[in-house]
Amino acid sequence: MTLLRQGRSFSGRERHCGFLNTGGGRRFADISEVSGLSLPEDGTGVAFCDWDQDGDLDLWMSNRSGPQVRFFRNEAKWPGRSLRLLLEGTKCNRDAIGARVTVMAMSGKPVTKTLRAGEGYLSQSSKWLHFGFGENEVKSVTVRWPGGDEEEFSGLKSGEAYRLKEGEGRAVSFSNPGVEPVSVIPEDLPESGRTNGIVLGIPLPLPLLKYESNAGESVELFDQPLGKRRGLLVNLWSAECEACLEELSELADARRQFEAAGLGVIVLNVDGLEGGKKASREAARRLNGMRFPFFSGNATESLVRFLQLTNDELLVAQRPLPVPTSFLIDQNWRLVAIYKGKVLPEQAISEMERLALPFEERRKGTLPFEGRWHFAPKNFVMLNFADRLFQRGFFEEGRDLVTRYARFMEPQPLFPGVLSNAGIRCLDAGRAHEAREYFQKALSLDPNRVMALHGLARVLSENLILEDQTEALKFARRAAEAGNFGNAGVLSTLVQCLQANGEEQEAMTVLERALALPEARKNADLRDRLNALKSE
Amino acid sequence: MRDGANVLVSVVGQPVIETAPGVEWESEQTAEEVKSAIKGLVHLESGKRLLEGFEMAPLRPTELKVKYEEDGVTVSRGKSGEMLKVGMDGFSKSVESLLAVYEEGQPEYELFKVFRVEEKSGVLVTRIRFESSGNITGSGRVQQRAEWRCDWARRDGELYLKSLVVEDFEEVVWRGGEGPWFVNREEEVLGGNDSWRKQLRFGLDEWLQRVEIFHGSFLGQRSGVAVGDVNGDGRDDLYVPQPSGLPNRLFLHEADGTARDVSTESGADWLDFTSASLIVDLDNDGDGDLALATNSGLLILENTGGAKFVRRAVLKTADEDVESLTAVDFDGDSDLDLYLCFDYARAGARRGEVRGSGVLHNSNDGGANVLFSSGQAEGKGWAFRDVTREVGLDAKNRRHSLAAAWEDYDNDGDQDLYVANDYGHNCLYRNEGGQFVEVASAAGVVDAGPGMSASWADYDRDGDMDLYVGNMFSSAGGRIFTQEKFRPWLADEEKGLYRRFVKGNSMFENLGNGTFQEVGAVRGVETARWAWSSVFGDLNNDGWEDVVVANGYVTAPDTGDL
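Note that the structure is predicted; figures quoted are calculated from it, not measured. (Residues numbered from 1 in each chain as written. Chains lettered and ligands numbered in written order. Predicted model: local features only at pLDDT ≥ 70, side-chain atom pairs only at ≥ 80, totals over all residues. Heavy atoms only, no water.)

1. Considerations on the overall build of chain A
Okay, step 1: Broken down by element type, chain A carries 19 helices and 21 strands.
Okay, step 2: In terms of C-alpha radius of gyration, chain A reaches 34 Å, well past the compact-globule figure of 24 Å for 536 residues.
Okay, step 3: Projected onto its principal axes, the C-alpha coordinates of chain A cover approximately 95 × 75 × 45 Å.
Okay, step 4: With 536 residues in all, chain A has 56% of them scored as buried.
Okay, step 5: Considering only contacts in chain A between residues 6 or more positions apart, those separated by 24 or more positions represent 58%.
Okay, step 6: Of the accessible surface of chain A, which amounts to about 23200 Å², a share of 48% is contributed by carbon and sulfur atoms.
Okay, step 7: Positive and negative charge centroids in chain A, built from 69 and 73 side chains respectively, lie 2 Å apart. (Helix = DSSP H or I, 4+ residues; strand = E, 2+ residues; numbered from the N terminus. Rg over C-alpha atoms; globule rule 2.2 N^0.38 Å. Buried < 20%, exposed > 50% of the residue type's maximum accessible area, 1.4 Å probe, protein only. Contact = heavy atoms within 4.5 Å. Areas by Shrake-Rupley, 256 points an atom, 1.4 Å probe, with all protein chains shown as cover. Lys, Arg positive; Asp, Glu negative; His and termini not counted. Charge placed at Lys NZ, Arg CZ, Asp CG, Glu CD.)

2. Remarks on the overall build of chain B
Okay, step 1: A tally of helices and strands in chain B yields 11 helices and 31 strands.
Okay, step 2: Rg of the C-alpha trace for chain B: 26 Å, near the compact-globule value of 24 Å for 562 residues, within the 12% margin.
Okay, step 3: Taking the principal axes of the C-alpha coordinates as reference, chain B spans close to 80 × 60 × 55 Å.
Okay, step 4: Taken across its 562 residues, chain B has 64% of its residues classed as buried.
Okay, step 5: Considering only residue pairs separated by 6 or more positions, chain B has 57% of its internal contacts joining residues 24 or more positions apart.
Okay, step 6: Working note: accessible area of chain B is about 18900 Å², and carbon and sulfur atoms make up 45% of it.
Okay, step 7: Averaging the coordinates of the 58 positive side-chain charges in chain B and doing the same for the 100 negative ones gives two points 7 Å apart.

3. A look at the interface of chain A and chain B
Many structure descriptions define interface size as the accessible area lost when the parts assemble.
Okay, step 1: Contacts between chain A and chain B engage 151 residues on the former and 176 residues on the latter.
Okay, step 2: Overall, the association of chain A and chain B removes approximately 14800 Å² of surface from exposure, summing both partners, and the carbon and sulfur fraction of that is 56%.
Okay, step 3: On the surface where chain A and chain B come into contact, there are 11 salt bridges.
Okay, step 4: A salt bridge links B:Glu407 to A:Arg100; the shortest N-O distance between them is 3.0 Å.
Okay, step 5: Counting every contact that joins chain A to chain B gives 81 residue pairs in polar contact (both at pLDDT 80 or more).
Okay, step 6: It is strand β3 (residues 43-49) of chain A that contributes the most residues to the side of chain A that touches chain B, seven residues altogether.
Okay, step 7: Here strand β1 (residues 17-21) of chain A runs beside strand β31 (residues 546-551) of chain B; their pairing, made up of three bridges, is antiparallel. (Buried area = accessible area lost by both parts, 1.4 Å probe. Salt bridge = Lys/Arg side-chain N within 4 Å of Asp/Glu carboxyl O. Polar contact = N/O pair within 3.5 Å; in protein donor to acceptor, adjacent residues only side chain to side chain. Pairing = 2+ DSSP bridges.)

4. Some remarks on the state of the cysteines
Okay, step 1: All told, the structure shown has one disulfide over all chains when counted by the stated rule.
Okay, step 2: In this model A:Cys241 forms its disulfide with A:Cys244; the gap between the sulfur atoms is 2.4 Å. Across the disulfide from A:Cys241 to A:Cys244, rotation about the S-S bond amounts to roughly 90°, and the bridge is consequently right-handed.
Okay, step 3: Judged by its relative accessible area of 13%, A:Cys241 falls in the buried class.
Okay, step 4: With no disulfide partner, B:Cys341 has as its closest neighbouring cysteine sulfur the one in B:Cys427, 10.0 Å distant. (Disulfide = S-S within 2.5 Å.)

5. With respect to the domain arrangement of chain A
Okay, step 1: Here chain A is partitioned into domain 1 (2-72), domain 2 (81-173), domain 3 (197-364) and domain 4 (382-535).
Okay, step 2: Taken over C-alpha atoms, the centre of domain 2 of chain A sits 69 Å from the centre of domain 4 of chain A. (Domains from an automatic or database assignment.)

6. Focus: the sheet that holds strand β8 (residues 111-114) of chain A
Residues and elements named next belong to chain A.
Okay, step 1: Strand order in the open sheet made by the four strands is β8-β7-β10-β11, with antiparallel pairing throughout. For this open sheet the edge positions go to β8 and β11 (150-153), each flanked by a neighbour on one side alone. With strand direction ignored, the average angle separating the axes of adjacent strands in the sheet is 20°.
Okay, step 2: When strand β7 (residues 100-105) meets strand β10 (residues 138-144), the two strands line up antiparallel, connected through six bridges. Each bridged residue has a counterpart across the sheet, and for methionine 104 the counterpart in β10 is serine 140. (Axes fitted to C-alpha atoms, helices over the stretch in contact; angles between N-to-C directions.)

7. Side note on the packing of aromatic side chains
How two aromatic rings sit relative to each other is given by the distance of their centres and the angle of their planes.
Okay, step 1: Throughout the structure, instances matching the rule amount to 33 aromatic pairs over all chains.
Okay, step 2: An angle of 40° between the planes, with centres 6.1 Å apart, marks the rings of B:Phe330 and B:Phe436 as tilted. Of this pair, B:Phe330 sits in the loop between β18 (322-328) and β19 (337-342) while B:Phe436 sits in strand β25 (residues 435-438), placing them 106 residues apart in sequence.
Okay, step 3: An aromatic cluster of three or more residues is present, and its members are A:Phe28, B:Tyr459, B:Tyr468 and B:Phe536.
Okay, step 4: The ring centre of B:Tyr109 lies 3.4 Å from the NZ or CZ of A:Arg15, which sits over that ring.
Okay, step 5: Directly above the ring of A:Phe408 sits A:Arg407, whose terminal nitrogen or CZ lies 4.7 Å from the centroid. (Phe/Tyr/Trp six-rings, centres within 6.5 Å; stacked < 30°, edge-to-face > 60°. Lys NZ or Arg CZ within 6 Å of the ring centre and 35° of its normal.)

8. Thoughts on the side chain of A:Ser35
Okay, step 1: Turning to its location among the elements, A:Ser35 is positioned in the loop between β2 (28-30) and β3.
Okay, step 2: Judged by relative accessible area, A:Ser35 falls into the buried class, the value being 0%.
Okay, step 3: From its side chain, A:Ser35 meets the backbone nitrogen of A:Leu37 in a polar contact 3.3 Å long.
Okay, step 4: Filtering out sequence-adjacent residues up to four positions away, A:Ser35 remains in contact with B:Trp181 and B:Phe182.

9. Side note on the pairing of strand β17 (residues 231-237) of chain A
Residue and element names in this part refer to chain A.
Okay, step 1: For β17, a buried count of seven out of seven residues is recorded, marking the element as mostly surrounded by other parts of the structure.
Okay, step 2: Of the two faces of β17, the one lined by Gly231, Leu233, Asn235 and Trp237 and the one lined by Leu232, Val234 and Leu236 are each fully buried.
Okay, step 3: Relative to strand β18 (residues 263-269), β17 runs parallel, the two being bridged by seven bridges. Along β18, the bridge assignment pairs leucine 236 with leucine 268.
Okay, step 4: As paired elements, β17 and strand β20 (residues 325-330) share six bridges and run antiparallel to each other. Across the sheet, residue leucine 233 finds its bridge partner in β20, namely leucine 328.

10. A word on unusual backbone geometry
Okay, step 1: The amide bond that connects A:Gly66 to the next residue, A:Pro67, takes the cis arrangement and shows omega of -5°.
Okay, step 2: Among the structural elements, A:Pro67 can be located in the loop between β4 (58-63) and β5 (69-74).
Okay, step 3: Following A:Val323, the chain continues to A:Pro324 via a peptide bond in cis, the omega torsion being -5°.
Okay, step 4: You can see A:Pro324 is positioned in the loop between α6 (301-314) and β20.
Okay, step 5: Although it is not a glycine, B:Asp156 sits at a positive phi angle of roughly 50°.
Okay, step 6: Secondary-structure assignment places B:Asp156 in the loop between β7 (141-155) and β8 (158-174).

11. As for the nonpolar core
Inside soluble globular proteins, nonpolar side chains tend to come together where they are buried.
Residues and elements named next belong to chain A.
Okay, step 1: Among the nonpolar cores identified, the biggest contains 81 residues, and Leu335 and Met409 are the most heavily contacted of them.
Okay, step 2: Per element, the largest residue contribution to this core is seven residues, and it comes from helix α16 (residues 488-500).
Okay, step 3: Taken domain by domain, this core gets at least three of its residues from each of domain 3 (197-364) and domain 4 (382-535). (Core = buried A, V, L, I, M, F, W, Y, C linked by side-chain atoms within 4.5 Å.)

12. Let's talk about helix α5 (residues 272-289) of chain A
All names here are of chain A.
Okay, step 1: The terminal C-alpha atoms of α5 lie 19 Å apart, and with 18 residues this falls more than 12% below the ideal 26 Å at 1.5 Å per residue.
Okay, step 2: Turning to α5, its buried residues are Ser280, Ala283, Ala284 and Leu287.
Okay, step 3: If you follow the buried residues of α5, they end up packed against β17, α3 (242-253), β18 and β19 (295-298).
Okay, step 4: Following α5 by one or two positions, arginine 291 adopts a phi angle in the positive range, close to 50°. (Expected span 1.5 Å × (residues − 1).)

13. Describing the pattern of salt bridges
Okay, step 1: Applying the stated criterion to the full structure yields 66 salt bridges over all chains.
Okay, step 2: The partner of B:Arg154 in a salt bridge is B:Glu33, and the shortest N-O contact between them spans 3.1 Å. Of the two residues, B:Arg154 is situated in strand β7 and B:Glu33 in helix α2 (residues 26-42); the sequence distance between them amounts to 121 residues.
Okay, step 3: Under the relative-accessibility criterion, B:Arg154 is labelled partly exposed at 40%.
Okay, step 4: When the shortest N-O distance is used, the salt bridge between B:Asp261 and B:Arg249 registers 3.2 Å. On the criterion of sequence distance, the pair formed by B:Asp261 in strand β13 (residues 259-261) and B:Arg249 in strand β12 (residues 249-253) is long-range, its members being 12 residues apart.
Okay, step 5: B:Asp261 sits in the buried class, given a relative accessible area of 16%.
Okay, step 6: Here B:Arg249 falls in the buried class, since its relative accessible area comes to 7%.
Okay, step 7: Sharing partners across several salt bridges, the network here consists of A:Asp30, B:Arg129, B:Glu131, B:Arg145 and B:Arg529.

Right, dumping it as structure tokens:
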């Protein structure tokens, strides 16, 4: 899953197949290649129809890859003709779905087909039934309408198209001369369907972030660059990137517009990440040389990692951020948009203005195309984001987020879980004091949360400074009870706490109970750990 | 060396439970070596060696027989001829004569796929599928498909080819006379539309870099396509369902053969992820209405005339993510009912947030499929009623269902139902007067594989309907599941199910007595790669049903295969 999100292939470039029935249904020949069907794309759906009405079957295919639809036009000149029939039910359902049609030719076996709606995978073929004939002539056409009535139609000729209406016994010729699709090969096709901006459906609160000033000090982005402005455009650039340099001068030229809009700009150079101080100084000189009118500095490794993580949280496709990339942040320190490639000053400014729009209206502009929702998503991504920060070791940032936005997060039922997770990450990273705080906070919102109780027990029993075995045992007991003695990990902690408190006998009882859990049977590590406790 | 678990993930895209620790699949590395060795030999690269005493059959069988020659298509087949002792010279002559059919002796495309690797008393026995295609000298196209059994010996760590037997060879020549058979013309048809230029030309991979997860984006969004007339001119129009956050597109088929996007003005531009769509006349008023399988439920849109759609109903179900849908009048009351397939039981599963049990050949924790009976005939308008349990379709209904297809397989006049399930048994529900009985086992159509699609047709023209089921063919699966050390604790029967799982598509011939016989391999339609839609259609107007298989899983633009 992770690899796929990072853009790896999986059973990719598998070519479509075609098999030709070589008569009698005894054997099919592989015609994937000679038929022209074998594109190495991710095809899914197939719908047959005689789109160009030239008497043979064409097909539409849907793709996961681009282009998302393919039209395979059957351009061979077949000696064989076809009979095309469109049914209309009068007693049965109007589409006559389920009708069985048998066509007898002057010689050879009959051809039988049923009209269906939906088959293959995710697809629906034409309701025009298509009968191939070879060079034969039609003898008779029998329709068994859904419901059982049989009806014979006569006077049909192969090579033609007819409508057959239930109960009328007469086929009505349908003529629509076949036409070549007009060749409108469009010009100026865009190279990408994406515009460069990813405008967030709901602006995402950010933690406090730091950059390195040209003097080499660690500075809050929030302070000076944002200051009392209405928003801030944070741009990552490299002196080795032509587009970056162009962008810098475009930003500089738009100084007045930015000022009028109250939008601050800071450009952070990334060259120091690989090239060290020398590269950073070189970049700074370049900016001085062009009298760059905005704030500037250097991106730190941690800041870049953070911004990449943010990108990866928002999008399924986790691709490395290019330079230039710009992040538009509003005055409430929320991420509004990410621009990959050059950002136009008016793009960022108008996006800031659109923040004033009502939610629904603003959201329309966050998608590449207009359309209508049946059930528009309203997910709150902030909790996941906080959770991910702790997972990835951004402890300061995570802490800032859950404290500053506690008011919004607390009503969310998932919040205690986020806090417990945060506690465990901190505990594993040797941040026991913080861990204790998160566990306590989680328990204040949900007093029976097993993970938090268990975590507290661990903190109090394992940490040398915070050690309090009596309290640890209390929490371990509560954790075991809250989890109905069903979690072997919790029980293992309880055993340790009991042993530390000299309750050997009870410890053995709990141990046996833990070993009997299916989890312990499956998990060899756990089993070993429990057995080791036993032998102690 | 990748461990067993990783290899199995690459076989089926799902981790397989309980891989014995310490088991390594050297065969995977060997398969890579074999592939490069055989490729090197065929390309006559230096340093690729034949063992002394090497024997081979002519790569192009000497007794090649023309099995079919009609309408510009010539099919020849042959098996291994006499084994000859040859040196490198002889080998290269054999390659030359194999490829002599191609313009300048060069195919445009070739593929070597190692699908069996077995060590037998010091000899490495491998089976390799060879494919090639290109222009023939003169005009036309040709393709070759062969299965070679190659035995190898190792000397100083290097592979030496000991013998090569041609187990199967097929050559198909297309001399259509005036040009190619199928030609891609989507740009000619759709190219005048902005939605083609900016939206449809780009695949999901592109959109996942642009449309936030917030809007419901996820990796596994797959959509089909529907054709049907929505404006009453007798021409098929086109509906293209789309991933989350991109509007579905409706194109009207114009008289000149092009198609015009009317999604917005017709009210068909839904942004909810839509996997499948149907154009069917649900209210029997003579125009095509729309049924859309979306993340947010099944949307029913009435065509109020001239392709103007109004939302009439949203069908909610216990499991939320509808996969596919089909329409049928199962109860003969003259209105169209809808059958919905569900892959996963829980919302979020498709997004990979929670997983199924991962049991390949027998998962029973999928979503519950639903049959909705239409209220139109009873005068209840757009009210649909869930009748799944009432009619007996709740039997064996927790599979991971991807596709369904209705057909009167027993020729008794009503519509029976086949459901293709991923990770396990498929279901055949026989309609007995509006009540359904699951008879897959007795009928012989269980096909316990990764069922992806189902299609019915009378391909042998004997008056009853046969069935083609899309599965997947995995050469990695074939290599691993056939080894003795693959899960030695499993009974042979169960191991057989694993092998079965990666064998490819199945074709079931209707024997006319209520039972079927699986004939995919003997008919030559089994190995069809990572198949999705695998469907019957007469591609050359000869009255005999042919087969088309849409293929491929995830192709990224710039990287190799996992």
